[in-house]
Amino acid sequence: TRSVWLSRHGESLLNLEGRIGGDATISHRGEEYALKLPDLVRESVGSDRPLTVWTSTLKRTIATARHLPKHYNQLQWKALDELDAGVCDGMTYQEIADRYPEDFQARDQDKYNYRYRGGESYRDVVIRLEPIIMELERSEDILIISHQAVIRCIYAYFMQKTQEESPWVPVPLHTLMKLTPRAYGTELQIYRANI
Ligand code: F6P
């Protein structure tokens with residue numbers, strides 16, 4: 001059976017500071033995850049099953065994929081880049097709340113539809129993910145290393161979460177999720193890296 005594996009990138013330097021967006025590379029702890037990922041993947045996929053790895057075009061997902069076996073094909077998709085926070089890119093949630101209090105509240109009230117000034121909403125991300133989903137549906141096993149909001153949208157598609165709940169799905173760092181579509185629904189397995 002065909003599966004899709006989903007992971008966020010390893011912890012980034014901006015994650016450490018509580019800042020959203022940006023294009024930082026991974027922290028020391030993030031690098032530990034990148035080093036562990038090949039083992040997690042071997043445990044979950046098996047060593048002789050071919051796998052294709054898709055990352056975003058941002059440094060933190062590419063760095064996270066770096067230690068995976070060389071025989072895996074790797075592809076970078078701009079469509080897998082993190083939700084664009086527009087003018088809020090690089091800010092902390094506290095800074096956003098102070099600077100744009102109405103936006104901050106509006107986002108909390110309707111997170112799926114809220115579009116950052118000069119940026120995107122979850123709805124926008126779902127639309128730009130359409131080609132990814134199409135390609136996924138006709139592919140063999142794929143591992144996607146992407147970002148919190150994007151992983152939420154892909155997860156919501158397979159797990160049939162509503163638009164309301166999808167932006168709130170918990171997607172912890174340093175965790176590999178295996179999704180296997182079955183006749184009755186998608187089976188989910190979780191592998192946590194203890195770092
Ligand atoms: O903080 C990490 C991050 O991936 C940000 O880059 C992004 O804006 C955010 O999470 C998305 O999560 P939320 O929609 O809950 O703010």
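In what follows, the structure referred to is the one given above.
Residues numbered from 1 in each chain as written. Predicted model: local features only at pLDDT ≥ 70, side-chain atom pairs only at ≥ 80, totals over all residues. Heavy atoms only, no water.

A.B. asks: Help me out: how do you make sense of the site of the ligand in this one?
C.D. replies: Every residue lining the ligand is accounted for by R8, N15, I20, G21, E82, Y93, R107, K111, Y122, Q148 and R152. The side chain of R107 places a nitrogen or oxygen atom 2.7 Å from an oxygen atom of the ligand. K111 is positioned with one of its side-chain polar atoms (N or O) 2.7 Å from an oxygen atom of the ligand. Protein coverage of the free-state accessible area of the ligand, which is 400 Å², stands at 92%. If you map the ligand onto the pockets, it falls in the largest pocket. (Near = heavy atom within 4 Å. Polar contact = N/O pair within 3.5 Å; in protein donor to acceptor, adjacent residues only side chain to side chain. Areas by Shrake-Rupley, 256 points an atom, 1.4 Å probe, with all protein chains shown as cover. 1 Å grid on protein atoms, 1.4 Å probe; cavity = no way out; pocket = protein on both sides within 12 Å on 5 of 7 lines; lining within 4 Å. Sits in = over half its atoms within 2 Å of the grid points.)

A.B. asks: Quick question: what am I supposed to make of the pattern of salt bridges here?
C.D. replies: Pairing is possible between side chains that carry opposite charge, provided their charged atoms lie close to one another. Considering all chains together, one arrives at twelve salt bridges under this definition. A salt bridge links R29 to E11; the shortest N-O distance between them is 3.0 Å. Residue R29 is located in helix α2 (residues 28-45), and its partner E11 is located in the loop between β1 (4-8) and α1 (13-17); the two are separated by 18 residues in the primary sequence. On the basis of relative accessibility, which here comes to 9%, the residue E11 falls in the buried class. Between R138 and E135 there is a salt bridge, with its nearest N and O atoms 3.4 Å apart. Classification of R138 by relative accessible area gives exposed; the value is 64%. A single network of salt bridges, built from pairs that share partners, joins E17, R19 and E95. (Salt bridge = Lys/Arg side-chain N within 4 Å of Asp/Glu carboxyl O. Helix = DSSP H or I, 4+ residues; strand = E, 2+ residues; numbered from the N terminus. Buried < 20%, exposed > 50% of the residue type's maximum accessible area, 1.4 Å probe, protein only.)

A.B. asks: Which parts of the structure should I look at to understand the nonpolar core?
C.D. replies: Across soluble globular proteins, nonpolar side chains have a tendency to be buried as a group. In terms of nonpolar packing, the biggest core is built from 33 residues, with L6, I144 and I154 touching the most fellow members. Looking at this core, the elements that each hand over two or more residues are β1, α6 (122-128), α7 (130-137), β4 (142-146), α8 (148-159) and β5 (175-182). Per-element accounting of this core gives the leading share, seven residues, to α8. In this view, L6 contacts I144, I151, I154, Y155, T175, L176, M177 and L179; residues no more than four positions away in its chain are not counted. Counting 16 residues, the second largest nonpolar core, distinct from the first, contains W5, L37, V41 and V45. (Core = buried A, V, L, I, M, F, W, Y, C linked by side-chain atoms within 4.5 Å. Contact = heavy atoms within 4.5 Å.)

A.B. asks: What should I look at first to understand the packing of aromatic side chains in this one?
C.D. replies: The description of two aromatic rings rests on the distance between their centres and on the angle between their planes. Applying the stated criterion to the full structure yields three aromatic pairs. Ring geometry for Y157 and F158: centres 5.0 Å apart, planes at 85°, overall edge-to-face. Since its relative accessible area comes to 40%, Y157 is described here as partly exposed. A residue is classified by how much of its surface remains accessible, and F158, at 7% relative accessible area, is buried. One residue, K111, lies across the ring of W168, its end atom 4.1 Å from the ring centre. (Phe/Tyr/Trp six-rings, centres within 6.5 Å; stacked < 30°, edge-to-face > 60°. Lys NZ or Arg CZ within 6 Å of the ring centre and 35° of its normal.)

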